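Each chain is listed here by its residues.
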Amino acid sequence: MVIILGDLIADFSVRIARFPIQAQDLLKVAYIELGPGGATNVAISAARLGLAVACLGEVGDDRFGAVVLEGLQREGIDISQVMVTPQASTPVAGVIVDARGEPAYLGYPGSLQLTALPPAWRQLIQEAQALYADGWVEHTGGRDIILEAFRLAHTAGVPTFFDPGPGNPALDNAWHCEAAALATVLLATDDEASRLSGIEDPLTSARALLANGSQLVVIKRGEAGCLLLTGEEMHISPGFPVEARDTTGAGDSLAGAVIYGYLKGLPLVALGTLANATGAAKVQKLGTGHNMPTRTEVQAVLERFGLDPTSLLPTPDKSGC
């Protein structure tokens, strides 16, 4: 079972014609949807590729929490250990996307209350196939939960995957460096990697992060593809030239593919190709959550560019590997 920890939020997605939006403007909305978001996008991406996935985290006992839980259950994701806190409100991201496919975000932090790793989660983490978390937390308790879970997984030999993201500007994000050092696989953009390492050059930065403790560093470079680096090998994987309708969730879909490919033991070149194809499948779709790419849509990208999907997407089994 792959565990996705924390950042269980709702996404309220809207597509508009253009930015900026001024006070008193009236713009036509071309798309609107409410569904699961945040790290649930990674959970959905990994599950759609064929992995067994469970989410651990907290939502409020409100309509947004219900949207998140119902959405995950619809995707076949185990939500049995998600905590529903009475009187708490679930975080919500307002995602506004323009005609070029570029998003802006409005964040409602909610009022979650969990501040420590629940005892019931510890054994699940120790027995997991893999553990994923991202760097967005709404309070310091979320930070502490992720770090404790990563230490627990590290001791148990469970592969850990960490995407720092931009972090929460309202909090001290120095903890990202500690989480990155505990991550078996680190996923970051050029800017995020530079922030973690203090080094501007992407390759030098990736090497420094690898030396810090990770076994694989994946630098996400948008339409340009990704850079993958291990202690023995480096590969620059070019992106697939497709029309980008909405880039929201592209990094999340790539993370789901990296988790899948890593657990399946794909070689570095194949892993980069699968990751980029999954991201390319996502950006051609509007929204996140239930609009994350399906296995069939990833296969279609690979076939469109003359690649054999069977070498990258073996027949799935719900036991994971």
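Whatever comes next refers back to the structure up there.
Everything numeric here is computed off the predicted structure, so don't read it as measured data.

Here we take up the pairing of strand 7 (residues 92-97). Strand 7 sits mainly inside the fold: six of its six residues count as buried. Burial along strand 7 is two-sided: the residues Val92, Gly94 and Ile96 and Ala93, Val95 and Val97 are all buried. Relative to strand 7, strand 2 (residues 8-15) runs parallel, the two being bridged by six bridges. Residue pairing in the sheet places arginine 15 in a bridge with valine 97 of strand 7. Here six bridges tie strand 7 to strand 8 (residues 103-108), and the two strands are oriented antiparallel to one another. Along strand 8, the bridge assignment pairs valine 92 with tyrosine 108. Taken together, strand 7 and the strand that follows it, strand 8, pair antiparallel across an intervening segment of five residues, in which glycine 101 is found at a positive phi of about 90°.

Every buried residue belonging to helix 5 (residues 175-182) is among Trp175, His176, Ala179, Ala180 and Leu182, and all of these are buried. Taken down its axis, helix 5 places every buried residue within 160° of arc, on the same side. Contacts made by the buried residues of helix 5 are with strand 9 (130-134), helix 4 (140-156), strand 10 (160-163), strand 11 (185-189) and helix 6 (190-197).

Another aspect to go through is the packing of aromatic side chains. Enumeration according to the criterion identifies four aromatic pairs in this entry. Ring geometry for phenylalanine 150 against phenylalanine 162: centres 5.9 Å apart, planes inclined by 85°, an arrangement best described as edge-to-face. Taken together, the residues phenylalanine 150 in helix 4 and phenylalanine 162 in strand 10 connect sequence positions twelve residues apart. For phenylalanine 150, a relative accessible area of 0% gives the class buried. Here phenylalanine 161 and tyrosine 262 contribute two aromatic rings whose centre-to-centre distance is 5.5 Å and whose plane-to-plane angle is 90°, an arrangement assigned as edge-to-face. Of this pair, phenylalanine 161 sits in strand 10 while tyrosine 262 sits in helix 8 (residues 250-263), and the two are 101 residues apart along the sequence.

What follows covers the sheet that holds strand 9. Pairing is mixed in the open sheet, where eight strands are placed in the order 4-1-9-10-11-12-13-14. What marks the edges here is a single partner per strand, and that holds for strand 4 (53-56) and strand 14 (234-238). Between one strand and the next, the sheet's axes are offset by a mean angle of 15°, whatever the strand orientation. Examined bridge by bridge, strand 13 (residues 225-229) and strand 14 share five bridges and lie antiparallel to one another. Paired with leucine 227 across the two strands is isoleucine 236, which belongs to strand 14.

What counts and what doesn't
- Per chain, residues are indexed from 1 in the order of the written sequence.
- Confidence filtering applies because this is a predicted model: local features only for residues at pLDDT of at least 70, side-chain atom pairs given and counted only at 80 or more, and all residues used for totals across whole chains, interfaces and linings.
- Computation of side-chain values: all heavy atoms of the structure, hydrogens and water removed.
- Under the scheme applied here, a residue whose accessible area is under 20% of the maximum for its type counts as buried, over 50% as exposed, and between as partly exposed, the area being computed with a 1.4 Å probe on protein chains only.
- In this description a helix means any DSSP run of H or I spanning at least four residues, a strand means any run of E spanning at least two, and both kinds are numbered starting from the N terminus.
- DSSP calls a pair of strands paired once it identifies at least 2 bridges connecting them.
- Think of the arc as the fan of directions from the helix axis to the C-beta atoms.
- Any two residues having at least one pair of non-hydrogen atoms within 4.5 Å are treated as being in contact.
- Classification of ring pairs rests on two measures: the distance between centres of Phe, Tyr or Trp rings, Trp counted by its six-membered ring, which must be within 6.5 Å, and the angle between planes, read as stacked under 30 degrees, edge-to-face over 60 and tilted in between.
- Only C-alpha atoms enter the line fits that serve as axes; for helices the fit covers just the stretch in contact. Angles between N-to-C directions range over 0 to 180 degrees.

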